[in-house]
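Here is what each chain is made of, one letter per residue.
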Amino acid sequence: MVITIVSVTDRRILKSQEAIKSAFIKLMNEKPFDTITMQDISDHANVGRRTIYHHYSDKFDLLDKLIEEHIDELRRLCKEASDLDFIESNVLWFDYFEVHYSFFSAMLLSKGAPFFRNRFLALVIEELEDEVNVTEGKNKGLTKEVILTFFGTAIVGIVESYFTNGFPRQPHIVAEQVGILLERNL
């Protein structure tokens, strides 16, 4: 007989965690990361500081867990899109960016940007790695690392620009154009 233990997180815990994350993202959009205190997060989330410390050791841990949560979701979207072309898979990402605009704008426009940017770039390069062929075709003889860095940096730069300029174009248009560029060049 096999007993399966299912971990069910109390709704109150989930509600507290969501309130903490939302408050933190809101604060990051309002002021520099260095000036945000745990008391600020507590006040904005309407939870006690003890509740925050129950889930996160400090604001750096909260930031790290938030970043990892979104990186993991983007990675999951890549797996979901493995049978799609570049255009369709980029639309999935840009839809996700639009839904989580507040998080991504906070990460890309704040002092936390370099930390997030590096994690995001590593994810993009990881996801493009199997797409680069340097043994034949237009990339024959080129260095795979250079190609990956070039396209990874380009994609991250486009996403940064997308948030910096406040959605100058519809997300699907940007996603399609990035997909077309990738299809032409990889």
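It should be noted that the structure appears before, not after, this text.
The paragraphs below set out a description of the structure included in this document. Values in this document were obtained by computation on a predicted structure and should not be read as measured data.

Each value, and the rule that gives it
Residues numbered from 1 in each chain as written. Predicted model: local features only at pLDDT ≥ 70, side-chain atom pairs only at ≥ 80, totals over all residues. Heavy atoms only, no water. Helix = DSSP H or I, 4+ residues; strand = E, 2+ residues; numbered from the N terminus. Buried < 20%, exposed > 50% of the residue type's maximum accessible area, 1.4 Å probe, protein only. Phe/Tyr/Trp six-rings, centres within 6.5 Å; stacked < 30°, edge-to-face > 60°. Core = buried A, V, L, I, M, F, W, Y, C linked by side-chain atoms within 4.5 Å. Contact = heavy atoms within 4.5 Å.

Moving on to the environment of His54. For His54, the position within the fold is in helix α3 (residues 49-55). Overall, His54 belongs to the exposed group, its relative accessible area being 63%. Counting along the chain gives 22 residues from His54 to Arg76, while the straight-line C-alpha distance between them is 28 Å.

Another point: the packing of aromatic side chains. Per the counting criterion, the structure on display carries 18 aromatic pairs. When the ring of Phe33 is compared with that of Phe60, the centres are 5.2 Å apart and the planes differ by 70 degrees; the resulting orientation is edge-to-face. On the criterion of sequence distance, the pair formed by Phe33 in the loop between α1 (11-30) and α2 (38-45) and Phe60 in helix α4 (residues 59-80) is long-range, its members being 27 residues apart. With a relative accessible area of 5%, Phe33 lands in the buried category. Ring plane angle 15 degrees and centroid distance 5.6 Å describe the contact between Phe116 and Phe120, whose orientation is recorded as stacked. On the criterion of helical spacing, the pair formed by Phe116 and Phe120 is a turn pair, its members being four residues apart in helix α7 (residues 113-128). Looking at Phe120, the relative accessible area reads 1%, which means it is buried. A connected cluster of aromatic rings, assembled from ring pairs, spans Trp93, Phe94, Tyr96, Phe97, Tyr101, Phe103, Phe104, Phe116, Phe120, Tyr162 and Phe163.

Let's shift gears to the nonpolar core. Ranked by size, the top nonpolar core spans 52 residues in total, and within it Phe24, Ile41, Leu74, Trp93, Phe97, Phe116 and Phe120 carry the most contacts. For this core, the secondary-structure elements that each account for two or more residues are α1, α2, α4, α5 (86-99), α6 (101-109), α7, α8 (144-164) and α9 (171-185). With residues up to four places along the chain from it excluded, the contact list for Phe97 reads Leu74, Phe104, Phe120, Val159 and Phe163.

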